Amino acid sequence: MILSGTFNFEGPRARVWEILQDPAVLAKALPGTRTLTQVGEDRYQGVMKISVGPVNAAEFAMNVELKDKVAPEKFAMVIDGKGGVGFTKGTANIQLDEQPGPVTVMTYSSDVQVGGRIAAVGQRLLESVGKMMTKQALEALNNELKVRLRST
Amino acid sequence: LPAEPRYLSARVARNEDARLLTGRALFVDDVQLPGMLHVAFVRSEHAHGRITSVDVQKARQHAGVRAVYTAADLGDYLKPGPLLVPPPPIPDLVFHACTQLPLAKDKVRHVGEPIAMVVADSRYVAEDAIRDVLVDIEPIDAVVDLEKGLAADAPLVHEHLTSNVAAHVVQRKGDWASAKKKADVLVARRFRYDRGVSAPIENRAVAVEWNARSEELTIWDTTQAPIPIRNGLARMLGLLESQVNVIAPFVGGGFGPKIMMFYPEELLLPWAAMRLNRPLKWTEDRQENFYATTQERGQVHDAEMALTRDGRILGVHDVFLFDTGAYDPYGLTIPINSQCTLLGPYDIPDYESEFKAVFTNKTIVTPVRGAGRQHGVFVSERLLDAAARELGIDRVEIRRRNLIGPEKFPVNHEIMFQDSAPLVYDSGNYLPTLEQAVELIGYQEFLRDDQPRLRAEGKHVGIAVTCYVEGTGIGPYEGARVTIEPSGKVRCATGVGTQGQGHFTVFAQLVADALGVDVEDVRVVTGDTREFHWGTGTFASRGAVVAGSACHAAAMAVRDKVLSLAGSLLNVPEGELELSGGRVYVKDAHDRGYSLGELSGKANPLRGAVRPGTEPGLESTAYFGPDRGSTANGVHAIIVEVDPETATVEIKRYLVVHDCGTIINPMLVEGQIHGGVAQGIGNAFYEQLVYDEQGQLLNASFMDYLIPTATDVPPIETAHRETPSPYNPVGLKGVGEAGCIPTGALFAQAVEDALAGSGVEITEIPLSPNRLFELLEAAKR
């Protein structure tokens, strides 16, 4: 499954970068995230609950590793998730460009492999669920950014 | 048999329906035993990978879990399953047998392959505990596409082999090269033909009871072949065959994948029941059925037909690839069926066919109703359609010119069939079958009047006619025991399993005619090794032909006993006796005689001796084993309307003219044809297993895998012809697979005809509205 697109954050790149590296913020923003904790340099572990069509509230144990970091410009996220209904594996590449406003344009592209029961019965919906969750996450992060910008 | 049998060829209502329709029939999942535990399996989520660890500690501590087993726990029982059908003795044949371990060790080769077995107080608990089994698999690139699987750098499904080639077979009849030289026209195409799951109403199920006191193992199994399963399990478990009983009760659809597979679940439950000394049950869920029950899939054919200018076939050359899945326990039955059935009812003097079977990281492929015959028929029928167009000959006419004439039987095709015997057609009368179908569908009138008129109205209507043969009724043998009980009722036990074919009726018809009793008074028992333990099973459209002939033979032997005993008691020659209405009596004096029940009492006296050379009772056991199968044939015709905007296809008429030799019960023959056609329509336009590049099956549910519903299957018109087979006394041929064999080829021809002028040529099945739309768009460019 390929998920890619762009998203405009209403704020400067450095502040967007800061949010993207903060597990506490990410845990709040990413839909379905139950826990997310840093376990080492650029390494995170967490639990996510996802519903895809007939697969309801499936729990995934997630390992996330950040790689190829060039602050505040780009990084890659290597994701490895395992749960009772399947697995997910993939890499997301994220690029941030600041434009006047200031607006930060995020360009993301990810290739995620999904296997097991969730792939077998949820295939038809995976892509739309993936897109929906990405949109929700980015909007939540943008809101967090706006709150932070107002309070400083 | 009586000169005018009462039941043979009659529309006798089914003996078994009262039990089935009132919910009193036993299915495996109905088996409930005190103390029964339930089983669930941990299955691979990866199509291809190395198992680095399986941790069952947490699952074993789960409340309600009684045992968790992995490959490491199986000890000596961890052996690859048997090679069920060794390949036929074809010169220079290459075959690599790779069969599956009951639980994967070291490596997984398809999604759904079992890795661990959880036994718990309930299925709920077992399913919950599955999630506590931690499996680590290091993925390897999967082999999904057949051609890529043969590339030099392809990952190996079985690493002890040097490639993914499971088999390589060439069969020749005559000399293709000389046919090609003589040809006026050569038609060459590449064809893809895919199939899918068998989609039975009842999935697989196994229930087991080990009786430690009697040291007997009883297994209720949704198998088509209980006797081979009993014999194999006894051997593997170190028991006498007589200590093991396998019962295949009513089974909700077999279609091939429930044959004697020795599936991991079938092997593991008996083993675990003996260890735990508790009854066990496992019932497959629908998702498991999609990736753990065998299925049929694709072949890619590069085929060429050589013809004269007037449309006579000189020869055919075909090279194809066959997807055998991760293992090949069922040998080469499917590709050899494809290879043989391609010849169809046609006189093809020169034929060369070569195939490679390819291992892939997908579920194991074994026969599903039709068993590769579809693929072969598609190739020859589509080549004939292309040749007809190229030569300007009508589609029916080109077939007419090539049919084997009735004077040519038996026809020896000189190549080897799936039963390791040469492919010989025993009998047939093909031209009248074709003419009757052409007449009934109104082929000429449709082309002359209806099609031009409807096209003028903007309707895209098409007609098609396809021919096929079906090799049926192969050996080795089946048996039956017929007993007249003191009540006058008759019991007939045979070894084959039954999955809805109407065995309780057709076998009863044959027995009732032989003994002159009412068909309702014949109680048939199938698929229970306690009742009858010699035989093979239900497959290859052989139940009625082979087991039916055995029932007939056993009943005729009992008839002889009746005549002999009654003759001596009444002191009249046997020739003067008659059997009818449950009695045996003197022809000219009906009151002189006995009811069969009374006679059975006299055959089992409480005083006196059983004379040497005689047996007590009115009972006989007989066997029937044909040297080779009998070949049925038929013609399907269809009229469709295609909407080129939405690419949907509506079937306006569907007609089958079929010849399965002597018909025991026309109603049941029609039922077999109807069911087959429905599956054929599914294959043609709805069903397809979709795998991604990593070997993940993406549509493992009936939400996404479409099977035709009642509204997609039109009323099916049928007509019967009867050319009796000389290979059995009643003249029977099988009919189990006839309905679905030519359906894909027929559908393709009809859709192409409806879209004539659009440039669409159909060289693949299944189609779908999506795929047809793509073909229409591609043709516009």
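No experiment lies behind these values; they were computed from the predicted model shown.

1. A few points about the overall build of chain B
Piece 1. Across its full length, chain B carries 19 helices and 30 strands.
Piece 2. Compactness check: chain B gives a C-alpha radius of gyration of 28 Å against a globular reference of 28 Å for 781 residues, within 12% of the reference.
Piece 3. When the backbone C-alpha atoms are referred to their principal axes, chain B occupies close to 90 × 75 × 50 Å.
Piece 4. For chain B, with 781 residues in total, the buried portion stands at 63%.
Piece 5. Sequence separation of at least 24 residues holds for 79% of the intrachain contacts in chain B that already meet a minimum separation of 6.

2. Describing the pattern of salt bridges
Residues and elements named next belong to chain B.
Piece 1. Inspection of the entire model under this criterion finds 68 salt bridges over all chains.
Piece 2. For Arg 204, the salt bridge identified is with Glu 284, shortest N-O distance 3.0 Å. Note that Arg 204 is positioned in the loop between strand S9 (185-193) and strand S10 (205-211) and Glu 284 in the loop between strand S13 (280-283) and helix H8 (286-292), a separation of 80 residues in sequence.
Piece 3. Look at Arg 204 and you get buried, because its relative accessible area is 4%.
Piece 4. A relative accessible area of 3% means that Glu 284 is categorised as buried.
Piece 5. Between Asp 323 and Arg 297 there is a salt bridge, with its nearest N and O atoms 3.1 Å apart. Here Asp 323 is found in strand S15 (residues 313-325), whereas its partner Arg 297 is found in the loop between H8 and strand S14 (299-307), with 26 residues between them in sequence. The same class applies to Asp 323 and to Arg 297, which are both buried.
Piece 6. What emerges from the salt-bridge pattern is a single network uniting Arg 189, Glu 381, Arg 382, Asp 385, Arg 389, Arg 399, Glu 752 and Glu 761.

3. Here's the deal with the nonpolar core
Side chains of a nonpolar character, in soluble globular proteins, are inclined to be buried together.
All names here are of chain B.
Piece 1. In this structure, Met 117, Leu 269 and Tyr 425 are the most contacted members of the largest nonpolar core, which totals 155 residues.
Piece 2. Counting residues per element, this core draws most heavily on helix H10 (residues 373-391), at nine residues.
Piece 3. When neighbours within four sequence positions are excluded, Met 117 is seen to be in contact with Val 39, Ala 40, Phe 41, Ala 67, Val 68, Tyr 69, Leu 103, Leu 268, Leu 269 and Ala 272.
Piece 4. With 53 residues, the next largest nonpolar core counts Ala 512, Val 545, Val 546 and Ala 603 among its residues.

4. With respect to the packing of aromatic side chains
Each aromatic ring pair is characterised by the separation of its centres together with the angle its planes make.
Piece 1. Evaluation of the coordinates by the stated rule reveals 17 aromatic pairs over all chains.
Piece 2. When the ring of A:Phe7 is compared with that of A:Phe9, the centres are 5.0 Å apart and the planes differ by 75 degrees; the resulting orientation is edge-to-face.
Piece 3. Given a relative accessible area of 15%, A:Phe7 falls into the buried group.
Piece 4. Given a relative accessible area of 2%, A:Phe9 falls into the buried group.
Piece 5. Ring geometry for B:Tyr77 against B:Trp271: centres 5.9 Å apart, planes inclined by 10 degrees, an arrangement best described as stacked. Here B:Tyr77 is found in the loop between strand S3 (65-70) and strand S4 (94-95), whereas its partner B:Trp271 is found in helix H7 (residues 264-276), with 194 residues between them in sequence. Just as B:Tyr77 is buried, B:Trp271 falls in that class too.
Piece 6. An aromatic cluster is built from B:Phe27, B:Phe250 and B:Phe504, whose rings are joined through pairwise contacts.
Piece 7. Above the face of the B:Phe504 ring, B:Arg19 is positioned so that its terminal group lies 5.4 Å from the ring centre.
Piece 8. The positively charged end of B:Arg204 is found above the aromatic ring belonging to B:Tyr263, 3.7 Å away from the centroid.

5. Considerations on the confidence of the model for chain B
The predicted coordinates ought not to be read in detail in places where the model reports low pLDDT.
Piece 1. Confidence in the prediction of chain B, expressed as mean pLDDT, is 96, and 100% of residues score 70 or more.
Piece 2. For this predicted complex, the interface confidence comes out at an ipTM of 0.83, alongside a pTM of 0.94.

6. So, the interface of chain B and chain A
Piece 1. Contact residues are listed per partner, giving 18 residues for chain B and 18 residues for chain A.
Piece 2. Of the roughly 1,400 Å² buried at the junction of chain B and chain A (both faces included), carbon and sulfur atoms supply 49%.
Piece 3. If you look at where chain B meets chain A, you find one salt bridge.
Piece 4. Linking A:Lys82 and B:Asp136 is a salt bridge whose minimum nitrogen-to-oxygen distance equals 2.7 Å.
Piece 5. Our count for the contact surface shared by chain B and chain A stands at six residue pairs in polar contact (both at pLDDT 80 or more).
Piece 6. Of all the secondary-structure elements, those providing two or more residues to the side of chain B that touches chain A are strand S7 (134-139) and H8 of chain B.
Piece 7. It is S7(B) that contributes the most residues to the side of chain B that touches chain A, three residues altogether.
Piece 8. Grouping the amino acids of the side of chain B that touches chain A by side-chain chemistry returns seven nonpolar, six polar and five charged.

7. Some words on unusual backbone geometry
Piece 1. At the junction of A:Ala71 and A:Pro72, the peptide bond is cis and its omega measures out at -5 degrees in the coordinates.
Piece 2. Secondary-structure assignment places A:Pro72 in the loop between strand S4 (55-70) and strand S5 (74-83).
Piece 3. With a phi angle near 55 degrees, B:Glu215 is a residue other than glycine that sits in the positive phi range.
Piece 4. Secondary-structure assignment places B:Glu215 in the loop between S10 and strand S11 (216-221).
Piece 5. Judged by relative accessible area, B:Glu215 falls into the partly exposed class, the value being 45%.

8. Comments concerning the sheet that holds strand S27 (residues 630-643) of chain B
Residue and element names in this part refer to chain B.
Piece 1. One open sheet holds the four strands; their spatial order is S19-S27-S28-S29, and the pairing between them is mixed. In the strand order of this sheet, the two ends are held by strand S19 (460-472) and strand S29 (716-721), each with one partner. Each adjacent strand pair in this sheet contributes to an overall mean axis angle of 20 degrees, direction not counted.
Piece 2. Relative to S29, strand S28 (residues 648-659) runs parallel, the two being bridged by six bridges.

Quick notes on the rules
- Residues numbered from 1 in each chain as written.
- Chains lettered and ligands numbered in written order.
- Predicted model: local features only at pLDDT ≥ 70, side-chain atom pairs only at ≥ 80, totals over all residues.
- Heavy atoms only, no water.
- Helix = DSSP H or I, 4+ residues; strand = E, 2+ residues; numbered from the N terminus.
- Rg over C-alpha atoms; globule rule 2.2 N^0.38 Å.
- Buried < 20%, exposed > 50% of the residue type's maximum accessible area, 1.4 Å probe, protein only.
- Contact = heavy atoms within 4.5 Å.
- Salt bridge = Lys/Arg side-chain N within 4 Å of Asp/Glu carboxyl O.
- Core = buried A, V, L, I, M, F, W, Y, C linked by side-chain atoms within 4.5 Å.
- Phe/Tyr/Trp six-rings, centres within 6.5 Å; stacked < 30°, edge-to-face > 60°.
- Lys NZ or Arg CZ within 6 Å of the ring centre and 35° of its normal.
- pLDDT = per-residue confidence, 0-100.
- Buried area = accessible area lost by both parts, 1.4 Å probe.
- Polar contact = N/O pair within 3.5 Å; in protein donor to acceptor, adjacent residues only side chain to side chain.
- Nonpolar A, V, L, I, M, F, W, Y, C, P; charged D, E, K, R; others polar.
- Pairing = 2+ DSSP bridges.
- Axes fitted to C-alpha atoms, helices over the stretch in contact; angles between N-to-C directions.

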